[in-house]
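# Report on the structure
So you can see what is in the structure, the chains are spelled out below.
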Amino acid sequence: MGLHRVVQPAGVLPQAAWRLDASREIAPNEVRIRVQRLNLDAASFRQLSEKHGGNGDAVRAEVLEIISARGKMQNPVTGSGGMLIGVVEEAGRRSPLGLKAGERVATLVSLTLTPLVITDGLARWDGRSEQVPCDGWAILFARSIAAALPEDEDPQLSLAVLDVCGAPALTARVVSRYVEDRQRAGDPTPVSVAVIGGAGKSGSLSLAAARRAGAARTVGVVPVAAERDALTAAGLASVVAVADARDPVGLSTAVTTALGTPADVTVVCVDVPGCEHGAVLATADGGTVIFFSMATSFSAAALGAEGLAADVTMLVGNGYVPGHAELALGLLRAEPGVRRLFAARIAAD
């Protein structure tokens, strides 16, 4: 679990530590990765960019400062990090990950718990995009997760998909259970799903996953007309609605109008705070809200649901579901709309 890498405070797991030991030498059950690219968590990048008024040099300097001070990339404001791709340099003889030197992999664990050193000063990054070309090394523990990058896909595209692969996997699991429960009960009511932030990375994959899992009606909620047009063209949602996710009544009204009823499952994929109450209001009694945004205040979600007397189950998407990488890459290959949205995002970055 990497406990031996915790510098301070003692006795916590690496994710909760303030500082990790990122020294290059590995233990017998560790793996060292030569880092080629980071993918910063969307909420973290937004916070840094807004803090510095879009000044890329200042963003780059702060990311370097965080990594140097903490031995990992963990935004002290959002608490989130991201993930990376690189090449396996060395695998300890007792590592259970099955990785071999020379393999190109994506880490499927957060940078918030990954010992990390940057050696090139991020000289090739302008500080204006979530993807960060770089050189350095990172350490994986025995309980870490990594996936070999597919040879038939652009590494940048694969990294963007794998960064959020937990979202469609959990969405598919939850929606499948709703569908199966209704089929067993002989209930013909179609399962409905709302995805807040439906044109984004995790949102577009979640819409595709929900449909494949049996959701009969889906609504993708976006904040602006340009995203509405892009998501409509992608064909991933039954209907696309424009609403400010921070406006609880406005969001609830948009979802209910689009679906005819509140959603059975609401998936929150936006990277801004203040969307908790709207997601709860948009969800039917007995429904489920899945929070995938690292900008979520879980106390606000819980207390808001209590204050609204909302009988909803709330799930925290932890980024790991068995088979999540394969499912997400499968959706990329099978759904042209998903690929178009991801390609457009990468091109814009």
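Everything discussed here concerns the structure shown above.
Every chain's residues receive numbers from 1 upward, in the order its sequence appears when written. With pLDDT at 70 or above as the cut-off, local features in this predicted model cover only qualifying residues; side-chain atom pairs require 80 or more to be listed or tallied, and sums for whole chains, interfaces and linings still use all residues. As a rule here, side-chain values come from all non-hydrogen atoms in the structure, and water together with hydrogens is ignored.

## What about the pairing of strand S14 (residues 313-316)?
- Direction of pairing for strand S13 (residues 283-291) relative to S14: parallel, over a ladder of four bridges. Bridging across to S14, Thr288 finds its partner in Thr313.
- In the classification by handedness, the crossover that spans S13, the intervening helix H9 (residues 298-307) and the parallel S14 is right-handed. Here a strand pair is declared whenever DSSP counts at least two bridges between the two strands. Numbering of helices and strands starts at the N terminus; helices are DSSP runs of H or I of at least 4 residues and strands are runs of E of at least 2. Clockwise travel from the first strand over the helix to the second, with the strands pointing away from the viewer, marks a crossover as right-handed.

## Quick word on the side chain of Arg5
- Looking at the secondary structure, you find Arg5 in the segment before strand S1 (6-8).
- The buried label applies to any residue whose accessible area, calculated with a 1.4 Å probe on protein chains only, is under 20% of its type's maximum; exposed applies above 50%, and partly exposed to all values in between. Here Arg5 falls in the buried class, since its relative accessible area comes to 2%.
- By the criterion applied in these results, polar contacts are pairs of N or O atoms within 3.5 Å in which, for protein atoms, one can donate a hydrogen and the other can accept it, and in which residues neighboring in sequence qualify only through two side-chain atoms. Among the polar contacts listed, one links the side chain of Arg5 to the backbone oxygen of Ser23, at a separation of 2.9 Å.
- There is a polar contact of 2.8 Å between the side chain of Arg5 and the side chain of Glu30.
- Any two residues whose heavy atoms approach within 4.5 Å at even a single point are treated as in contact. Residues within four places of Arg5 in sequence aside, it is in contact with Arg19, Leu20, Asp21, Ala22, Ser23, Glu25, Ile26, Glu30, Pro115, Ile139 and Phe141.

## Quick word on the sheet that holds strand S10 (residues 217-222)
- Spatially, six strands are ordered S11-S10-S9-S12-S13-S14 in an open sheet, and the strand pairing comes out parallel. Both edges of this open sheet fall to strand S11 (239-242) and S14, since each of them pairs with a single strand only. For this sheet, the mean inter-axis angle between neighbouring strands, taken without regard to orientation, is 20°.
- Axis definition: a line fitted to C-alpha atoms, limited for helices to the stretch in contact. Angles are taken between N-to-C directions and run from 0 to 180 degrees. Contacting strand S9 (192-196), S10, S11 and strand S12 (263-268), helix H7 (residues 248-259) crosses the sheet at an angle of about 145° to S10.

## What to know about the sheet that holds strand S8 (residues 146-148)
- What the six strands build is an open sheet, ordered S6-S7-S3-S4-S5-S8; its pairing is antiparallel. A single partner strand is all that each edge strand has here, and the edge strands are strand S6 (116-118) and S8. Geometrically, the sheet is characterised by an average inter-axis angle of 35° between neighbouring strands, direction not taken into account.
- Across eight bridges, strand S3 (residues 31-40) lies against strand S7 (residues 131-140) in antiparallel orientation. The partner of Val31 across the bridge, within S7, is Leu140.
- Contacting S3, strand S4 (82-91), strand S5 (104-107) and S7, helix H3 (residues 155-163) crosses the sheet at an angle of about 115° to S4.

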